[in-house]
Amino acid sequence: MSIVALRWLDPPAGPAIELLDQTRLPVSETALTCTTVPSLVDAIRRLVVRGAPLLGIAGAYGVALAAARGDDVTAAAQALAQARPTAVNLGWGARRALGAYLRAAADPDQEVQRGAARAALREARSIADADEQACAQMAELGLALVPAGARILTHCNTGSLVTAGEGTAFGLVLAAHRAGLLTMCWIDETRPLLQGSRLTAYEAGRAGLPHKVLADSAAASLMAAGQVDLVVVGADRITADGSVANKVGTYGLAVLARHHQVPFVVVAPVSTIDFGTADGASIPIEQRPPEEITHLAGQRLAPAGSDAYNPAFDVTPPGLITAIVTESGVIQPVTRGNLRVLSPET
Ligand code: MRU
């Protein structure tokens, strides 16, 4: 059974957004119900709900929640968009639902005006539906890049916990498994919050994939031993020049992949491409609390007084990326010109 990470609750249970609390996986499958936008913003910051495509969906449903409650919808969209800075989908989803709401609210027909909250909800649903379809299309297109018997290394978590479908990078791994092409899925544990060992291994186990978790720092020797045929990751933001912001550690993997001549593929929907940002250096990188490094599960690991450097993401330059797989096509080689084909303004 596929995982449902986010669900809209209509009255009488709602209006509310039910989230599968990802901070508690895999130990417990616990739902968290958000009945207000501030509670959803808090859930986003704590990574109860996370991953770029799902953040876009959460942002849109958050605006629908504010509209259904009669709250200030513009202020809600702004609060949601600012909850985390790097994943471009979050602000994009909130703005799409806000636009649908404002257009309906400004309509001369009073019936349409009265339906403005429903218009925001319809927009959120259509974003989720489109994301589900995008996952299927990316998996289908990406299969052409997977060799027979592939041993695929992935980082962070990119499956149905972070999309409305089967995932971005992980959706491709699943498709490879179903096509009989997958020998092994290597899962980086993904320090410091362990999205790989906690969440991707949970998804892989449920899907019956052959998989092994490794310490992030073991990826180098694994590649040197010739045990990796392909690296596949998702993205939080892709800039106009093809730079990719993704979970910290991705850039290191791309450098390793180049050194060992292993193809490095990014799988992400077009909604993750930010044509308004020129290059990787301009991407705002979220800095997370030092306790995520100095502590583990509430237990102090580093000596008291130790500070920490804790960027949540890093940026991989386009020259290290073999291909970017989107639902609208595969970009290879990754250049500004090739990417521009996907721009809504083209
Ligand atoms: O900090 P997180 O857990 O939200 O980071 C998520 C990632 O970096 C994912 O790899 C990315 O969003 C791609 S998701 C399909």
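## Here we look at the pattern of salt bridges
Going through the model one piece at a time under the given rule, you end up with 13 salt bridges. The salt bridge partner of Glu-166 is Arg-178, with a shortest N-O separation of 2.7 Å. Placement of the pair is Glu-166 in the loop between strand E4 (150-154) and helix H7 (169-178) and Arg-178 in helix H7, with a sequence separation of 12 residues. Judged by relative accessible area, which is 35%, Glu-166 ranks as partly exposed. A residue is classified by how much of its surface remains accessible, and Arg-178, at 55% relative accessible area, is exposed. Among the salt bridges present, the one from Asp-274 reaches Arg-237, with a minimum N-O distance of 2.7 Å. With Asp-274 in strand E11 (residues 273-274) and Arg-237 in strand E8 (residues 237-239), this pair connects stretches of sequence that are 37 residues apart. Here Asp-274 matches Arg-237 in class, with each residue buried.

## Description of the site of the ligand
Within the structure, the ligand sits among 17 residues, and Arg-50, Arg-84, Asp-236, Asn-246 and Lys-247 are positioned closest to it. Within the backbone of Ala-52, one N or O atom sits 2.9 Å away from an oxygen atom of the ligand. Here Arg-84 contributes a side-chain N or O atom positioned 2.8 Å from an oxygen atom of the ligand. Protein burial of the ligand: of its 410 Å² of free accessible surface, 100% is covered by the chains. Elements with a contribution of two residues or more to the shell around the ligand: helix H2 (52-69) and strand E9 (244-247). Split by residue class, the shell around the ligand holds six nonpolar, seven polar and four charged.

## Focus: the environment of Tyr-101
If you trace the backbone, Tyr-101 turns up in helix H4 (residues 88-105). C-alpha separation for the pair Tyr-101 and Leu-121, spaced 20 residues apart in sequence, amounts to 8.6 Å. If near-sequence neighbours (up to four positions away) are discounted, Tyr-101 is found in contact with Ala-67, Val-73, Ala-116, Ala-117 and Ala-120.

## So, the pairing of E9
Examined bridge by bridge, E8 and E9 share two bridges and lie antiparallel to one another. What sits directly across from Arg-237, in E9, is Ala-245. Linkage of E8 to E9, two consecutive antiparallel strands, is achieved through a turn of four residues, within which Gly-242 is found at a positive phi near 90°. Of the strand pairs in this sheet, E9 and strand E14 (residues 313-316) are connected by four bridges, and their pairing is antiparallel. Looking at the pairing, Val-244 lines up with Thr-316 of E14.

Cut-offs used in this document
- Residues numbered from 1 in each chain as written.
- Predicted model: local features only at pLDDT ≥ 70, side-chain atom pairs only at ≥ 80, totals over all residues.
- Heavy atoms only, no water.
- Salt bridge = Lys/Arg side-chain N within 4 Å of Asp/Glu carboxyl O.
- Helix = DSSP H or I, 4+ residues; strand = E, 2+ residues; numbered from the N terminus.
- Buried < 20%, exposed > 50% of the residue type's maximum accessible area, 1.4 Å probe, protein only.
- Near = heavy atom within 4 Å.
- Polar contact = N/O pair within 3.5 Å; in protein donor to acceptor, adjacent residues only side chain to side chain.
- Areas by Shrake-Rupley, 256 points an atom, 1.4 Å probe, with all protein chains shown as cover.
- Nonpolar A, V, L, I, M, F, W, Y, C, P; charged D, E, K, R; others polar.
- Contact = heavy atoms within 4.5 Å.
- Pairing = 2+ DSSP bridges.

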